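Commentary on secondary and tertiary structure
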Amino acid sequence: MDLEKTAPFDLGRGEDACLLLHGFTGSPWDVRPLGEALAARGMRVVAPRLPGHGTTPQALLHVTWRDWQAAAEHALHSLRGHRSVFVAGLSMGSLLALGLAARHPDEVRALALVAPAIRFRGPRMFLIRQLARTPVLEWARPWAEKTGTDISDPVALAEAPVLPAFPVARLRDLCTLQNLAVGDLAHVRCPTLVAVAEQDHVVDPEGGRWLARRLTAAPSVRFLSLREGFHIIPRDTAGPLLAAEVAGFLEQWRDLGAWQAHAPAAGA
């Protein structure tokens, strides 16, 4: 893979910061347009490359969901000292973002969950999720090949860095993060934007709707349905619209007074 494309990035300056988390087998390249848009609004934006991602298929052999979670935690803690810290995630990155918000309610001001991977689309992925609970799948097929990524825009698709294969065992880790995220929903107490692409071929947009309804402790939940583009929304045709919506949503919560006015009462 092109390591310059998949490299982590740290953009912009400002009192406020946003942590951007990419998805499973992806890289910071997938979310960079969103990061650039937020940096242009006066925010510092940090996007780590999750362990095992963005380099070689073999690099994913020796990591688990715990490594991804630990990397997200480390990145969040590195942003302490900013006036406010937001977290945005794409696909699996949204699952990690939910966990951060649930575990650190005093640190995460607001969330943006883009194409959250709470449910896969199609019977094939449903079967994989069932088999991932056992070693059967990786015994039968230890590696899964990838020939592309889910982007409708032909220019972006041609430029996309694609990991050619990944260990099937890592699907078990992805499923573990899904289960953890479901448990985290009731503990997320910050404003949250959930954005889905109706033409997503990887995750089911209905899962995003389901997720939004269950963020019952969040003081504000906004659901955004995008008619254009596929799974990698920040790089696709709806990317500029997504960036504008996410930036506008997060800016609502940059002012401490607005946050305090909408925060749940103590003991609620």
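First things first, this report covers the structure right here in the doc.

Calculation criteria
Residues numbered from 1 in each chain as written. Predicted model: local features only at pLDDT ≥ 70, side-chain atom pairs only at ≥ 80, totals over all residues. Heavy atoms only, no water. Core = buried A, V, L, I, M, F, W, Y, C linked by side-chain atoms within 4.5 Å. Buried < 20%, exposed > 50% of the residue type's maximum accessible area, 1.4 Å probe, protein only. Helix = DSSP H or I, 4+ residues; strand = E, 2+ residues; numbered from the N terminus. Contact = heavy atoms within 4.5 Å. Salt bridge = Lys/Arg side-chain N within 4 Å of Asp/Glu carboxyl O. Pairing = 2+ DSSP bridges. Expected span 1.5 Å × (residues − 1). Polar contact = N/O pair within 3.5 Å; in protein donor to acceptor, adjacent residues only side chain to side chain. Axes fitted to C-alpha atoms, helices over the stretch in contact; angles between N-to-C directions. Parallel < 35°, antiparallel > 145°, perpendicular 65-115°, else oblique. Nonpolar A, V, L, I, M, F, W, Y, C, P; charged D, E, K, R; others polar.

By size, the foremost hydrophobic cluster in this structure holds 87 residues, and its most contacted members are Trp68 and Leu111. Among the elements that make up this core, the one with the highest residue count is helix α3 (residues 92–103) (eight residues). For Leu111, the residues in contact, after removing those within four places along its chain, are Val87, Ala97, Leu98, Ala101, Val188, Cys190, Pro191, Thr192, Leu193 and Phe249.

Another aspect to go through is unusual backbone geometry. One non-glycine residue with positive phi stands out, namely Thr25, at about 65°. Along the chain, Thr25 turns up in the loop between β2 (16–21) and α1 (32–40). With a relative accessible area of 6%, Thr25 lands in the buried category. Of note in the backbone geometry, Ser91 takes a positive phi value of approximately 60° without being a glycine.

Another aspect to go through is the pattern of salt bridges. Should the charged atoms of two oppositely charged side chains come close, the side chains can pair. One pass over the structure, following the stated rule, counts 13 salt bridges. With its nearest N and O atoms 2.6 Å apart, the salt bridge here joins Arg83 to Asp16. Of the two residues, Arg83 sits in the loop between α2 (65–78) and β4 (84–90) while Asp16 sits in strand β2, which places them 67 residues apart along the sequence. One salt bridge connects Asp16 with Arg254, and the closest N-O pair in it is separated by 2.7 Å. Of this pair, Asp16 sits in strand β2 while Arg254 sits in the loop between α9 (239–252) and α10 (256–262), and the two are 238 residues apart along the sequence. Accessibility classification places Asp16 together with Arg254 in one group, the buried group. What you see here is one network of salt bridges that share partners, running through Glu15, Asp16, Arg41, Arg83, Glu251 and Arg254.

Summarising the sheet, strand β1 (residues 9–11) and strand β3 (residues 44–47) pair through three bridges and their orientation is antiparallel. Paired with Phe9 across the two strands is Ala47, which belongs to β3. Direction of pairing for β2 relative to β3: parallel, over a ladder of three bridges. Looking across to β3, one finds that Ala17 is bridged to Arg44.

Further remarks concern helix α7 (residues 170–184). When the terminal C-alpha atoms of α7 are compared, their 21 Å separation across 15 residues agrees well with the 21 Å that a helix rising 1.5 Å per residue should span. What α7 keeps buried is the set Arg170, Leu171, Asp173, Leu174, Cys175, Leu177, Gln178, Ala181 and Asp184.

To continue, consider helix α8 (residues 205–213). α8 sits mainly inside the fold: seven of its nine residues count as buried. Of all the residues in α8, the buried ones are Pro205, Gly207, Gly208, Arg209, Trp210, Leu211 and Ala212. For α8, the secondary structure elements touched by its buried residues are α3, β5 (108–114), α7, β8 (192–197) and β9 (221–226). Measuring from the side-chain oxygen of the N-cap residue of α8 to the backbone nitrogen of Glu206 gives 2.9 Å; that N-cap residue is Asp204.

Moving on, we come to the sheet that holds β8. As summarised here, the arrangement of the seven strands in space is β1-β3-β2-β4-β5-β8-β9, forming an open sheet in which the pairing is mixed. Both edges of this open sheet fall to β1 and β9, since each of them pairs with a single strand only. Across this sheet, the average inter-strand angle for adjacent strands is 15°, counted without regard to direction. Sheet strands touched by α1: β1, β2 and β3. Its angle to β1, the strand with the most contacts, is close to 20°. Where α8 meets the sheet, its contacts fall on β5, β8 and β9, and the angle it forms with β8 comes to roughly 165°.

Think of two packed helices as two axes; the pair is described by the angle between the axes and how far apart they sit. Two elements in contact, α2 and α7, have axes separated by 9 Å at closest approach and are oriented at 55°. In terms of axis orientation, α2 runs oblique to α7. Along its contact with α2, which presents Trp65, Trp68 and Gln69, the element α7 presents Arg170, Asp173, Leu174, Thr176, Leu177 and Leu180. For the contact of α2 with α7, the class distribution of residues is five nonpolar, two polar and two charged.

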